[in-house]
Amino acid sequence: ISALKPDDMVYAQYREAGVLLYRGYEINKMIAQCMGTEEDDAKGRQMPIHYGSPEHHYQTISSPLATQLPQAAGAGYTMKLDNVDKVCICYFGDGAASEGDFHPALNFAATLGSRTIFFCRNNGYAISTP
């Protein structure tokens, strides 16, 4: 993450809380989000650990596996079309590779030259088997 610029877009999954903290998100905001308090930016209307911060260019986490993959491919393609000096990084686990969104997202990004970095965490703890 240190190689990315602060305005590069992040599409994360559940294990990337450190990325958001690295970008300057406050720990008290994370706690407020997990507890669903009024200090939560989403005012308690989001599931716990579904962090998001437009200010930190960090898209809100989605519960279903792999849904962030095609979104990140599209965001990276928009960056290419807009000719801006930005990239999009998309984190996902090895289990997400067996979801229906995985192959179309990578195919889309590759054929259209999307400015998307796909970062797979192969930790061997997939919920599903590829």
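Higher on the page you've got the structure.
Residues numbered from 1 in each chain as written. Predicted model: local features only at pLDDT ≥ 70, side-chain atom pairs only at ≥ 80, totals over all residues. Heavy atoms only, no water.

Within the fold, Arg121 resides in strand E3 (residues 116-121). On the basis of relative accessibility, which here comes to 15%, the residue Arg121 falls in the buried class. A polar side-chain atom of Arg121 sits 3.5 Å from a polar atom in the side chain of Gln13. If near-sequence neighbours (up to four positions away) are discounted, Arg121 is found in contact with Gln13, Arg15, Glu16, Tyr91, Phe92, Gly93 and Asp94. (Helix = DSSP H or I, 4+ residues; strand = E, 2+ residues; numbered from the N terminus. Buried < 20%, exposed > 50% of the residue type's maximum accessible area, 1.4 Å probe, protein only. Polar contact = N/O pair within 3.5 Å; in protein donor to acceptor, adjacent residues only side chain to side chain. Contact = heavy atoms within 4.5 Å.)

With that settled, the discussion passes to helix H2 (residues 27-35). For H2, the full list of buried residues reads Met30, Ala32 and Gln33. For H2, the arc enclosing every buried residue in end-on projection is 160 degrees, short of the 170-degree limit, so these residues lie on one face. Every exposed residue of H2 that faces more than 90 degrees away from the buried side is listed here: Ile27 and Met35. Gly36 occupies a position one or two residues after H2 and carries a positive phi of about 70 degrees. (Arc of directions from axis to C-beta.)

What follows concerns unusual backbone geometry. With a phi close to 60 degrees, Ile49 is a non-glycine residue in the positive phi region. Topologically, Ile49 is positioned in the loop between H2 and helix H3 (68-82). Phi is positive for Asn83, which is not a glycine, with a value near 55 degrees.

Here the focus is the nonpolar core. Met9, Tyr11, Leu69, Ala72, Cys88, Cys90 and Phe92 are the most contacted members of the largest nonpolar core, which has 13 residues in total. Elements that contribute at least two residues to this core include exactly strand E1 (9-11), H3, strand E2 (88-93) and helix H4 (102-112). With 4 residues, the single largest contributor to this core is H3. The contacts of Cys88, once residues within four sequence positions are left out, are Met9, Tyr11, Ala72, Ala75, Gly76, Met79, Arg115, Thr116 and Ile117. One finds Val19, Leu20, Met30 and Ile89 within the second-largest nonpolar core, a separate group that totals 12 residues. (Core = buried A, V, L, I, M, F, W, Y, C linked by side-chain atoms within 4.5 Å.)

The side chains of a regular strand alternate between the sheet's two faces. Judged by how many residues are buried, E2 sits mostly within the fold: 6 of 6 residues are covered. With 3 bridges joining them, E1 and E2 adopt parallel strand pairing. Within E2, the residue paired with Met9 across the bridge is Cys88. In terms of strand pairing, E2 meets E3 through 6 bridges, oriented parallel. Opposite Tyr91, over in E3, you have Phe119 as the bridge partner. Considered for its hand, the β-α-β crossover made up of E2, H4 and E3 is right-handed. (Pairing = 2+ DSSP bridges. Right-handed = clockwise from strand over helix to strand, strands pointing away.)

The next thing to look at is the sheet that holds E1. Taken in spatial order, the 3 strands of this open sheet run E1-E2-E3, and their pairing is parallel. Since the sheet does not close on itself, it has two edges, and those belong to E1 and E3, each with one partner. Averaged over all neighbouring strand pairs, the angle between strand axes comes to 20 degrees, with direction disregarded. On the sheet, H3 packs against E1, E2 and E3 and is oriented at approximately 165 degrees with respect to E2. (Axes fitted to C-alpha atoms, helices over the stretch in contact; angles between N-to-C directions.)

Remember, this is a structural readout, not a statement about activity or role.
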